[in-house]
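Structural overview for review
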Amino acid sequence: MLNYIIRRVGYAFVTLIFVAIIGFIIIELPPGSYLDFRLRELRTMGGDYSTDMIAALEQRYGVNDPVHVKFWKWFSNFVQGDFGWSFRYERSVSSLLGARIGFTLLVSISSLIFSWVVAILVGVYSATHRYTIPDYLITVFQFIGLAVPGFLLALVLMIFAQRTLGMEVGGLFSARYRDAPWSWPKFIDLLKHLWIPVVVIAASGTAWLSRVMRGNLLDVLNMQYVQTARSKGLKEEKVIWKHAVRNALHPLVMVFGMSFPAIISGQTVIAIVLNLPTIGPIFVNALLQQDMYLAVTFLMFQAMLLVVGNLVADIALAWLDPRIQFE
Amino acid sequence: MESRETTTTTERSETDTILRIKNLHTYFFTVVGVAKALNGVNLDVPAGKVLGIVGESGCGKSVTALSAMRLVVEPGRIVEGTITLNQIRKQGNGYKVMDEVDITSLDPRGPKIRSLRGSEIAMIFQEPMTSLNPSYTVGNQIMEAVQLHQKVSKVEARDRAIDILRRVELPNAEAVVDRYPHQLSGGMRQRAMIAMALSCTPSLLIADEPTTALDVTTEAEILDLMRELQADMGMTIVFITHNLGVVAQMCDEVAVMYLGRVVEQAPVDDIFYNPMHPYTRALLQSIPRVRVREKKRLEPIRGVVPDPYSNISGCPFHDRCSDFMPGVCEVNVPAMVTVPGDPQHAVRCFLHSDATEGENGR
Amino acid sequence: MADVISVPVTAESDVREPTSDVGEMSQGKLIWLRFRRNRLAMGGLVTLILLYLAVGFAGFLAPNNYLQQNLEYIHGRPSPITFIGPECRFRLRPYTFGVTTELDQAAFKWVYVVDESVKLPIRFFVRGDTYSLFGFRTDLHLFGVDAPHRLYLWGADSLGRDVFARTLMGGQVSMTVGLVGVALTIFLGSVLGTMSGYFGGVIDDMMQRVVEIIQSFPTIPLWAALAAALPNISETFTMLHRYLLITVILSLVNWTGLARQLRAKVMSYRQADFTSAALVAGASNARIIFIHMLPNAASHIIVVSALSVPGMILGETALSFLGLGILPPMVSWGTLLRDTQQVATVVQHPWLIIPGAGVIIAVLAFSVLGDGLRDAVDPYSI
Ligand SMILES: Nc1ncnc2c1ncn2[C@@H]1O[C@H](COP(=O)(O)OP(=O)(O)OP(=O)(O)O)[C@@H](O)[C@H]1O
Ligand SMILES: [Mg+2]
């Protein structure tokens, strides 16, 4: 088991290095990045100060170095936690990241948990009530969940919350708690705001996962061992939850690697509409303004989340399915 | 082989029958139509004996077994008929009926049938490779059954599981109890499956082709084991198979099924030496016999089994039958009648009786 | 034990396929028969055909040119339609009303007031704004009202442009992005997937790693980053170039799914008899791949492709919504929905959200079509 984990961690590292290379290529691709812009600006300004600045910037980012040196400079700094400078915000990337990564994790992981719990419950229900009206309704919702772009759903839910429930929407806090120190009321306020982003971000993932779960469970319910379990005299609930669901979960854990990217993606777009203090909006602004160090750092962090998520899924699967061999 | 002689001498009485199936109809209501899997099955399972059920693939053997367990799943349903389970205890030479349960009237998910499953009737399924849940250890799955029907602690249940695994002659039972199914060979899995079925000492065991997937040596071992256990525990076994050789080796009585009906039921010797239904005869002719000297060709049965969706008038076998009587066989369905002078031999054919089944072409 | 031989098992009838001449039908015909029986999937197909016709003839169907601004009808609401003619009698011809602009004294805003006394008949085959249809310039529109009035079926946007016309035009981009992207996806996915499955070994290992790495990026952020790296629109890099490169970016992630599935398929074919037979007969690798394997996998490729179109449409919509995809003045459903980023705007001008319906309908239609195709190709899989 330990060997297996070590090997998976090794794979994850290799993947991360390649991810870094792709990230670097993306930094290098755009011709008119903010760095170029700043350098040009400094050159036209002239003067000693500017010359020093130019030299420092060129040194830091290796502007005139060959590509591999440049990559190495960026990569080694990245590993040490120096992600570069956001020219747009005039702050270090790490400080911007630090302020937002916590909420990003909160929203993403809440959505992940929400979508899994709901998907499993809905999937089990619709598989055990096949060809009934609720099952058809669920199918309709699943199709809609997959077809409606997340930001539209966010808009509709926000209008609904505002109009019908009379709630203040957008962001994760009400105005008066936004800058307040942490307290119990602030936490309650957070929970009140959290549900819209969580529901919206999880929607398409939930729709898809619950379809997968339904299909898997229908397959498993046809298995002989389910009949064996019934033939012992077990209650139907126990047959379903102990014998069938457990086996239907294996393929689901394997697709975990695909449900997490969907949530991170959804988070990026939906955060803009919902005005969330996550990395999504800053990421998109950084891209729009070619503030590439900021953008790529965020991209890398999102990819890292995924790699770690897949690692966790692999280990969970090994723990769940005794048939997995750990040579 | 001693038991054979006993069957031919004793008269069957009410109390000897542990399971009585009367006019059982089980249909599958599928999207493409209604599959009439069982079309009036009549079957008496004698207590303390091994009853074999034979018939071609698709004739409804498994569905009969599942109906008796009330394990027929959607879109299948028992539409007519009764299944009566006599809970009997051995008393001296005979049996005493303790309780009589009409299984067909029970809620298939209700507590009553669940208390019978496993403890009174147990079942071994057709595919041993997939009958055990791959996610749990063998011990876990046996203990689950034990703890369900008996008030025992976890430790006791585990001991019971190891005991029963030893009983089915699994080497190293203490280790096997913690193994997962994929770590066992096919033969070991089938033994584990038998152990699970026997763990609550049921009085009736239904074994649906328990050895089809195994090699010949393992098959022989498993058959010996089952016969032995049956004798030890005084259990009744319904043994479903394709294989007439296995029937000869295992069974006291045989029921022959054709297209959702039992067409002949008799003690095993009568089936082999005095078959009365043309279908039984055809079945016997289709297997080679080494000891028969004369050069006789094997006769495959003419035609194919009609699919269970079709509606055939009259006797379902009439278009394949070598003794087809025009004007009789395709008009009415023969009733199941006992052969005069042999109360244990019943047959469903117009060659032997004119009795027709109540409603035409059911 | 000598006589132990089992009863010969006679042919089992295939109960699922009651049609009798099933055996003689070609694979394609069989798939089409099964597909046609699926009402939902047929509905999806018909919807798609109608949608493509509508966006194809967008200029003709819409009464206004999609770029035509009207500063006197900024955020104007949809024109009301009535069948009550000027004589207050029911008429078969639809009418709309004139609109006058008034200053709201309290809010200091221009408001548009429907003038019920002015009834404008909606005429068919009228002359209006010029547009080009498949390369021809014309000014004939299917319907409209007499100049100088204008008909806004779905209202107007922040520059007074016709939302109906813009939605139809936007569909031209949004509904073709998926198709062009899928063509690329099929190309990349089948070539790389087949090679990976067929040759195995190092090639397969490398390909698997590449797929794994690409799949470990969250799609939309990766697309967004790549799209942000595209050059600005200029003489040498036109909007068309941008559009094409956006489709390339979308399929850059998408091909991995198809490649994985084809790899598995090809691996199973490798063990199949026809492959060994072809190898024994001395066929080259290329011949085996292109003559024997790809045609066998064709139905599979089609299904996977149909199912991947929705993802592309949604991807383009999201990118353009973020301002990183298609750029104005070109329109797509995503760029149109950019106007709805503020909740307040949507609440005041709900018709701006109509392009979203286009996305939903197109995606739904492609999904049910793909599902239906999958069931038709492989009826026994769930
Ligand atoms: N779930 C089901 N749906 C539809 N039809 C079914 C179903 N299960 C069984 N049947 C029908 O019932 C008939 C009897 O099936 P059954 O499994 O009892 O055959 P069998 O005698 O056990 O055959 P085998 O020797 O192959 O196991 C079959 O012809 C089949 O068409
Ligand atoms: Mg069977």
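The notes below deal with the structure included here. Quantities reported herein were computed from a predicted structural model and do not represent experimental measurements. (Residues numbered from 1 in each chain as written. Chains lettered and ligands numbered in written order. Predicted model: local features only at pLDDT ≥ 70, side-chain atom pairs only at ≥ 80, totals over all residues. Heavy atoms only, no water.)

Overview of the pairing of strand S2 (residues 33-46) of chain B
Residues and elements named next belong to chain B. As judged from the 11 bridges shared by strand S1 (residues 17-30) and S2, these two strands associate in the antiparallel manner. Along S2, the bridge assignment pairs Leu24 with Val41. The turn linking S1 back onto S2 is made up of 2 residues. (Pairing = 2+ DSSP bridges. Helix = DSSP H or I, 4+ residues; strand = E, 2+ residues; numbered from the N terminus.)

Considering the interface of chain A and chain B
Size of an interface, as often reported, equals the accessible area lost when the parts are brought together. Taken together, the contact pairs 20 residues of chain A with 30 residues of chain B. Both faces combined, the contact of chain A with chain B buries some 2300 Å², and carbon together with sulfur accounts for 55% of it. Sorting the residues of chain A by area buried against chain B places Gln224(A), Ser231(A) and Lys232(A) first, and these three jointly supply 28% of that buried surface. Our enumeration of links across chain A and chain B arrives at 3 salt bridges. For the pair chain A and chain B, the interface holds 14 residue pairs in polar contact (both at pLDDT 80 or more). Those elements that place two or more of their residues in the side of chain A that touches chain B are helix H9 (224-231) and helix H10 (236-254) of chain A. The element best represented in the side of chain A that touches chain B is H10(A), accounting for 7 residues. (Contact = heavy atoms within 4.5 Å. Buried area = accessible area lost by both parts, 1.4 Å probe. Salt bridge = Lys/Arg side-chain N within 4 Å of Asp/Glu carboxyl O. Polar contact = N/O pair within 3.5 Å; in protein donor to acceptor, adjacent residues only side chain to side chain.)

Examining the site of ligand 1
All names here are of chain B. Taken together, 15 residues lie around ligand 1, and Ser57, Gly58, Ser62, Val63 and Gln126 are the ones closest in. Taking Ser57, its side chain carries an N or O atom lying 2.4 Å from an oxygen atom of ligand 1. Across the complex, the protein chains shield 73% of the 630 Å² of accessible surface that ligand 1 would expose by itself. Of all elements in the fold, only S1 and helix H2 (61-69) reach the threshold of two or more residues within the shell around ligand 1. For the shell around ligand 1, the element with the highest residue contribution is H2, accounting for 3 residues. Each residue belonging to the shell around ligand 1 can be placed in one class, and the counts come to 5 nonpolar, 7 polar and 3 charged. (Near = heavy atom within 4 Å. Areas by Shrake-Rupley, 256 points an atom, 1.4 Å probe, with all protein chains shown as cover. Nonpolar A, V, L, I, M, F, W, Y, C, P; charged D, E, K, R; others polar.)

Here we look at the pattern of salt bridges
Pairing between side chains of opposite charge can happen when their charged atoms approach one another. Across all of its chains, the model carries 17 salt bridges over all chains by this definition. Beyond isolated ion pairs, a larger network of salt bridges with shared partners links Arg230(A), Glu236(A) and Arg109(B).

Thoughts on the nonpolar core
The biggest cluster of nonpolar side chains holds 164 residues, and the ones touching the most others in it are Trp74(A), Leu252(A), Leu287(A) and Leu324(C). With 14 residues, the single largest contributor to this core is helix H13 (residues 292-320) of chain A. Split by domain, the residues of this core number at least three in each of domain 1 (70-161) and domain 2 (166-376) of chain C. Setting aside anything within four residues of it in sequence, one finds Trp74(A) in contact with Ala20(A), Gly23(A), Phe24(A), Ile27(A), Tyr293(A), Val296(A) and Met300(A). (Core = buried A, V, L, I, M, F, W, Y, C linked by side-chain atoms within 4.5 Å. Buried < 20%, exposed > 50% of the residue type's maximum accessible area, 1.4 Å probe, protein only. Domains from an automatic or database assignment.)

Some points on the sheet that holds strand S3 (residues 109-121) of chain C
Residue and element names in this part refer to chain C. The sheet built from 3 strands is open, its strands ordered S1-S2-S3 with antiparallel pairing. At either margin of the open sheet sits one strand with a lone partner, and together these are strand S1 (81-84) and S3. Sheet twist, expressed as the mean angle between neighbouring strand axes with direction ignored, is 35°. Relative to S3, strand S2 (residues 90-104) runs antiparallel, the two sharing 10 bridges. (Axes fitted to C-alpha atoms, helices over the stretch in contact; angles between N-to-C directions.)

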